[in-house]
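An overview of the molecular structure
These are the residues of each chain, in order.
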Amino acid sequence: MTDSKGTQDHEKFINSVKASLNVAKSKTADIRKTDSQLFLANVISPAAATLIASMAAAIGGNNVFSQAAAQAEDGGWRLACILVAIFGFIATISSVFKKQFEDRLTKANQCVGRLLNLDLAITTGSNDWNEAAKEYSEIVKNFPEFIS
């Protein structure tokens, strides 16, 4: 009877590790997706600002944005400056968030890696149950935002 109880406890433990691994993988994928989007914003925004500023300088803001120039005096230049400012602002903000998401992605990858190692150790039987439980406890303590 004790053996059956121990087997049930081991199964619960294994299921907890696998569930935590699945949650951590899902959260890591979401962070990676956001990080990729921020990377694109961080590349495209300054490039667009540079392109607009270069075209306005080379051709003339009123010539680049002739419809805006027809509606207001120096309207093309104003529109060029507004667009450059907006793209510059997006680049600045996205770079701040990009750094934060890079740090979170690093931690999330560490969490997933440790859970994968623990899952492998449990599957292969290379750790005893006490060692595995101690490792799982450390992972939960160090990475609660990726597991729960």
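Preceding this paragraph is the structure being described.
Report on the accompanying structure. (Residues numbered from 1 in each chain as written. Predicted model: local features only at pLDDT ≥ 70, side-chain atom pairs only at ≥ 80, totals over all residues. Heavy atoms only, no water.)

**Quick notes on the environment of L40**
Just so we agree on the cut-off: Put simply, DSSP H or I for four residues or longer makes a helix, DSSP E for two residues or longer makes a strand, and each gets a number counted from the N terminus. Residue exposure (1.4 Å probe, protein chains only): buried if accessible area is under 20% of the type maximum, exposed if over 50%, otherwise partly exposed.
Position of L40 relative to the elements: it lies in helix α1 (residues 2-59). By relative accessible area, L40 is classed as partly exposed at 48%. In this structure the C-alpha to C-alpha distance between L40 and A91, which are 51 residues apart in sequence, comes to 9.8 Å.

**Observations concerning helix α4 (residues 75-124)**
Heads up, the condition is: To estimate how far a helix should extend, the number of its residues minus one is multiplied by 1.5 Å.
In this model α4 runs 70 Å from its N-terminal to its C-terminal C-alpha over 50 residues, within 8% of the 74 Å that 1.5 Å per residue would give. Looking at the residues trailing α4, positive phi occurs at G125, about 75 degrees.

**Here we look at the packing of aromatic side chains**
Which entries qualify depends on this criterion: Pairing of aromatic side chains requires ring centres within 6.5 Å, counting the rings of Phe and Tyr and the six-membered ring of Trp. Pairs whose planes differ by under 30 degrees are stacked, by over 60 edge-to-face, and all others tilted. In our convention, an over-ring charge means Lys NZ or Arg CZ found within 6 Å of a ring centre and within 35 degrees of that ring's normal.
For the coordinates displayed, the defined rule picks out two aromatic pairs. Here F13 and W129 contribute two aromatic rings whose centre-to-centre distance is 6.1 Å and whose plane-to-plane angle is 80 degrees, an arrangement assigned as edge-to-face. Placement of the pair is F13 in helix α1 and W129 in helix α5 (residues 129-142), with a sequence separation of 116 residues. Centroid distance F13 to Y136: 5.7 Å. Interplanar angle 90 degrees. Geometry classified as edge-to-face. Taken as a pair, F13 in helix α1 and Y136 in helix α5 lie far apart in primary sequence, 123 residues in all. Through a chain of ring-to-ring contacts, the aromatic side chains of F13, W129 and Y136 assemble into a single cluster. Above the face of the F101 ring, R104 is positioned so that its terminal group lies 5.9 Å from the ring centre.

**Re the nonpolar core**
Stated formally: Among buried residues, those of type Ala, Val, Leu, Ile, Met, Phe, Trp, Tyr and Cys that are joined through side-chain atoms within 4.5 Å constitute a nonpolar core. We call two residues in contact whenever any of their non-hydrogen atoms come within 4.5 Å of each other.
Counting 21 residues, the largest nonpolar core has C111, L115, L118, I122 and I139 as its most contacted members. Taken together, the elements giving at least two residues each to this core come down to α1, α4, α5 and α6 (144-147). Top contributing element to this core by residue count: α4, with eight residues. Not counting the four nearest positions on each side in its chain, I122 is found in contact with F13, I14, V17, W129 and A132.

**Here's the deal with the packing of α4 against α5**
Cut-off, in case you're wondering: Axis definition: a line fit to C-alpha positions, over the contact stretch in the case of helices; interaxial angles, taken between N-to-C directions, run 0 to 180 degrees. Roughly parallel means an angle under 35 degrees; roughly antiparallel means over 145; roughly perpendicular covers 65 to 115; every other angle is labelled oblique. A clockwise turn of the near helix away from the far one marks a right-handed crossing, whereas an anticlockwise turn of less than a right angle marks a left-handed crossing.
Between α4 and α5, whose axes approach to 10 Å, the crossing angle comes to 165 degrees. Classified by the angle between their axes, α4 and α5 sit roughly antiparallel to one another. For α4 against α5, the interelement crossing comes out left-handed. Contacts between α4 and α5 pair K107, C111, R114, L115, L118 and I122 from the former with W129, A132, E135, Y136, E138, I139 and N142 from the latter.

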